[in-house]
Each structure stands twice: as C-alpha cells, then as structure tokens.
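Chains, contacts and geometry: an overview
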Amino acid sequence: MPMKWSVLKVNEAMDMVEEFIGQAAEPLEQARIVAIAARSIADIPQYVDERLAHLTSSIGRIDHIKGAIKTVRESLPAGAVVEERKRIENGDQLVLVAR
C-alpha cells in the first residue's frame with residue numbers, strides 16, 4: 001500500500017536539521033568552553049556556579065538532538081525513501097489516498 005505522506009520530505013527535513021546542527025556545533029562548543037571557564041572566576045557565588053554548570057550541561061545536549069534526528073530517520077519505513085525517489089524520477093505522482 002502506498003504511503004499517504006512523503007517519507008522523502010521527512011528525510012529531507014532531517015537533512016536540513018542536521019545541516020543546521022552541524023553549523024551550530026562549533027559555536028556551541030566554544031560557548032561551552034567559555035561557560036566552563038566562567039566557573040573558575042574567583043569568589044563566584046555557589047548559586048551562580050550552579051547556573052553556569054546547568055548552562056554547560058544544557059549546551060552539551062547537542063548529542064541528544066543528534067540522537068533525536070537519528071531516531072526520526074530510524075522510524076521511517078525501510079526502503080521508503082529510495083522507493084519514493086524512484087517514483088518521482090519516473091514521473092509517477094504521489095498517491096494521496098489509498099485505492
């Protein structure tokens with residue numbers, strides 16, 4: 001039975017998300033390094049240090065985002081992206097309703 005939704009479009013969206021995350025990875029790592037360095041400022045109050053520690057761990061969660069992208073890709077039906085790409089290349093229209 002043909003898909004009612006575009007697996008290819010979801011896959012392409014994940015490609016775009018990965019690209020943006022890739023662009024953000026280096027600046028986020030630099031921000032994490034600065035936040036870690038800020039924790040070593042002399043006489044910093046504990047409540048500020050705790051917030052900086054939280055900030056540091058939040059920035060480090062980029063791996064969770066990458067994992068979420070992987071999970072979306074793994075949830076797509078096996079082979080459906082290739083199949084849909086072939087249909088489009090052959091000029092077939094996507095089926096919007098089941099026959």
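Small disclaimer: the values here were computed from a predicted structure and weren't measured. (Residues numbered from 1 in each chain as written. Predicted model: local features only at pLDDT ≥ 70, side-chain atom pairs only at ≥ 80, totals over all residues. Heavy atoms only, no water.)

**Thoughts on unusual backbone geometry**
In the Ramachandran plot, D43 falls in the positive-phi region, its phi being about 60° despite a non-glycine side chain. Turning to its location among the elements, D43 is positioned in the loop between α1 (7-38) and α2 (46-59). With a relative accessible area of 81%, D43 lands in the exposed category. (Helix = DSSP H or I, 4+ residues; strand = E, 2+ residues; numbered from the N terminus. Buried < 20%, exposed > 50% of the residue type's maximum accessible area, 1.4 Å probe, protein only.)

**Overview of the packing of α1 against helix α3 (residues 62-75)**
Pairs of packed helices are described in terms of their axes, by the angle between the two and the distance that separates them. It is at 10 Å that the axes of α1 and α3 come closest, and there the two elements cross at 170°. The angle between α1 and α3 places the two elements in the roughly antiparallel class. Crossing handedness for the pair α1 and α3: left-handed. Residues V10, N11, M14, D15, V17, E18, I21, A25 and L28 of α1 lie in contact with α3, whose contacting residues are I62, I65, K66, I69, V72 and R73. (Axes fitted to C-alpha atoms, helices over the stretch in contact; angles between N-to-C directions. Parallel < 35°, antiparallel > 145°, perpendicular 65-115°, else oblique. Left-handed = near helix turned anticlockwise from the far one by under 90°. Contact = heavy atoms within 4.5 Å.)

**Looking at helix α4 (residues 80-89)**
Inspection of α4 places A80, V81, E84 and R87 among the buried residues, and these make up the whole buried set. The arc enclosing the buried residues of α4, seen along the axis, measures out at 125°, which places them on a common side. Opposite the buried face of α4, at more than 90 degrees from it, the exposed residues are K86 and E89. Those residues of α4 that are buried are in contact with α1. Downstream of α4 by a residue or two, G91 has a phi angle that is positive, lying close to 85°. (Arc of directions from axis to C-beta.)

**So, the pattern of salt bridges**
Counting across every chain of the model gives six salt bridges. Note that D49 is salt-bridged to R39, the shortest N-O span being 2.7 Å. Linking D49 in helix α2 with R39 in the loop between α1 and α2, this pair joins segments that are 10 residues apart in sequence. Since its relative accessible area comes to 35%, R39 is described here as partly exposed. Across the pair E83 and R87 runs a salt bridge whose closest N-O atoms are separated by 3.2 Å. Taken as a pair, E83 and R87 lie in helix α4 at a separation of four residues, close to a single helical turn. When its relative accessible area of 18% is taken as the criterion, R87 is described as buried. Salt bridges linked by common partners bring D15, E18 and R73 together as one network. (Salt bridge = Lys/Arg side-chain N within 4 Å of Asp/Glu carboxyl O.)

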